[in-house]
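Take a look at the letters that make up each chain.
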Amino acid sequence: MALRAHRADRANQACVTPPTHVAAHITSRVTLRPDFAAWLRTACLLMAVATAPGAYAFDVGQLATQEIPAAHLVGQGSFSRLGFHLYDASLFSGAERINANWSAHPLVLDVRYARSFKSHTLVQRSLIEMSKLQVGTDEERQRWADELARILPDVSAGQHLTGVFRPGDGTRFFSDGKLIGQIAGDAFGRAFFAIWLDPRTSAPDLRAELISDAR
């Protein structure tokens, strides 16, 4: 244990040394075995990648404009239940404002989770909300739930799931910017986005923030 701790300390010292002096610093202070030298080089590389600014950052605005060239941020807000912060949501569209005719416009809805959820929970919650709104038939909603179950992954805190609805082109889903699936047909897109945007939504405060009515 002491040897591993000593090696880790030497690795950290070497990695934070300015790049132009690394070789001189190492050769003047210690003589490294080949296997440890290879390990040190790998550790330094991983440390540099992990600490690089924006190394793993996901830019939802960039994704929105890639999918809908004229898209801009319409509104954003947070959703909590029983005092627990569950997620933050952002809505993008090419329309200046979102109103009762929201389903006529291309939309991008990004959800950044504050907690971990299983795929099954996300699918069942979507099905429950669509059933409450009575969008689609029972048969359609069950088919959509089956399709969502094949697409939506388990999510962890900080992870983004993004839905892109383009009338006439269906709905595409992304996980941290990576395409994970698509569901054809405008009926599904209207039903899914209605969970947040229909006036009868179970999260009216969030809806007001998303469509900018709260401003």
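Residues numbered from 1 in each chain as written. Predicted model: local features only at pLDDT ≥ 70, side-chain atom pairs only at ≥ 80, totals over all residues. Heavy atoms only, no water.

### Concerning the packing of aromatic side chains
Item 1. The full count for this structure, using the stated rule, is 10 aromatic pairs.
Item 2. A centroid spacing of 6.0 Å and a plane angle of 75° characterise the contact between Phe192 and Phe193, whose relative ring orientation is edge-to-face.
Item 3. Under the relative-accessibility criterion, Phe192 is labelled buried at 8%.
Item 4. Three or more aromatic residues joined by ring pairs make a cluster, and in this case those are Trp144, Phe165, Phe173, Phe188, Phe192, Phe193 and Trp196. (Phe/Tyr/Trp six-rings, centres within 6.5 Å; stacked < 30°, edge-to-face > 60°. Buried < 20%, exposed > 50% of the residue type's maximum accessible area, 1.4 Å probe, protein only.)

### Brief notes about the nonpolar core
Soluble globular proteins tend to pack their nonpolar side chains together in the buried interior.
Item 1. Tyr87, Leu91, Trp196 and Leu197 are the most contacted members of the largest nonpolar core, which totals 41 residues.
Item 2. For this core, the secondary structure elements donating two or more residues are strand E1 (72-81), strand E2 (84-93), strand E3 (107-113), helix H5 (119-133), helix H6 (138-151), strand E4 (160-166), helix H7 (186-197) and helix H8 (204-210).
Item 3. Per element, the largest residue contribution to this core is 8 residues, and it comes from H7.
Item 4. Not counting chain neighbours up to four residues away, the residues in contact with Leu197 comprise Leu91, Trp102, Leu107, Arg207, Leu210 and Ile211.
Item 5. Counting residues in hydrophobic clusters, the runner-up holds 9 residues, among them Val60, Ile68, Phe92 and Phe174. (Core = buried A, V, L, I, M, F, W, Y, C linked by side-chain atoms within 4.5 Å. Helix = DSSP H or I, 4+ residues; strand = E, 2+ residues; numbered from the N terminus. Contact = heavy atoms within 4.5 Å.)

### Description of the sheet that holds E4
Item 1. What the 6 strands build is an open sheet, ordered E1-E2-E3-E4-E5-E6; its pairing is antiparallel. In the strand order of this sheet, the two ends are held by E1 and strand E6 (178-183), each with one partner. The average angle at which neighbouring strand axes cross in this sheet is 20°, direction not considered.
Item 2. Contacts from H7 reach E2, E3, E4, strand E5 (170-175) and E6 within the one sheet, and its direction differs from that of E4 by about 130°. (Pairing = 2+ DSSP bridges. Axes fitted to C-alpha atoms, helices over the stretch in contact; angles between N-to-C directions.)

### Focus: the pairing of E3
Item 1. Within E3, 6 of the 7 residues are buried, which leaves the element mostly enclosed by the surrounding structure.
Item 2. In this sheet, E3 lies alongside E2 in antiparallel orientation, the contact comprising 7 bridges. Bridge pairing in E3 links Phe92 to Val108.
Item 3. Here E3 pairs with E4 via 6 bridges, running antiparallel. Considered in E4, the bridge of Asp110 is made with Thr162.

### Describing the environment of His105
Item 1. Its place among the elements puts His105 in the loop between E2 and E3.
Item 2. For His105 and Ala95, which are 10 residues apart along the polypeptide, the C-alpha to C-alpha distance reads 6.7 Å.
Item 3. Other than its neighbours up to four places away in sequence, His105 contacts Ser93, Ala95, Ile98, Phe165 and Pro167.

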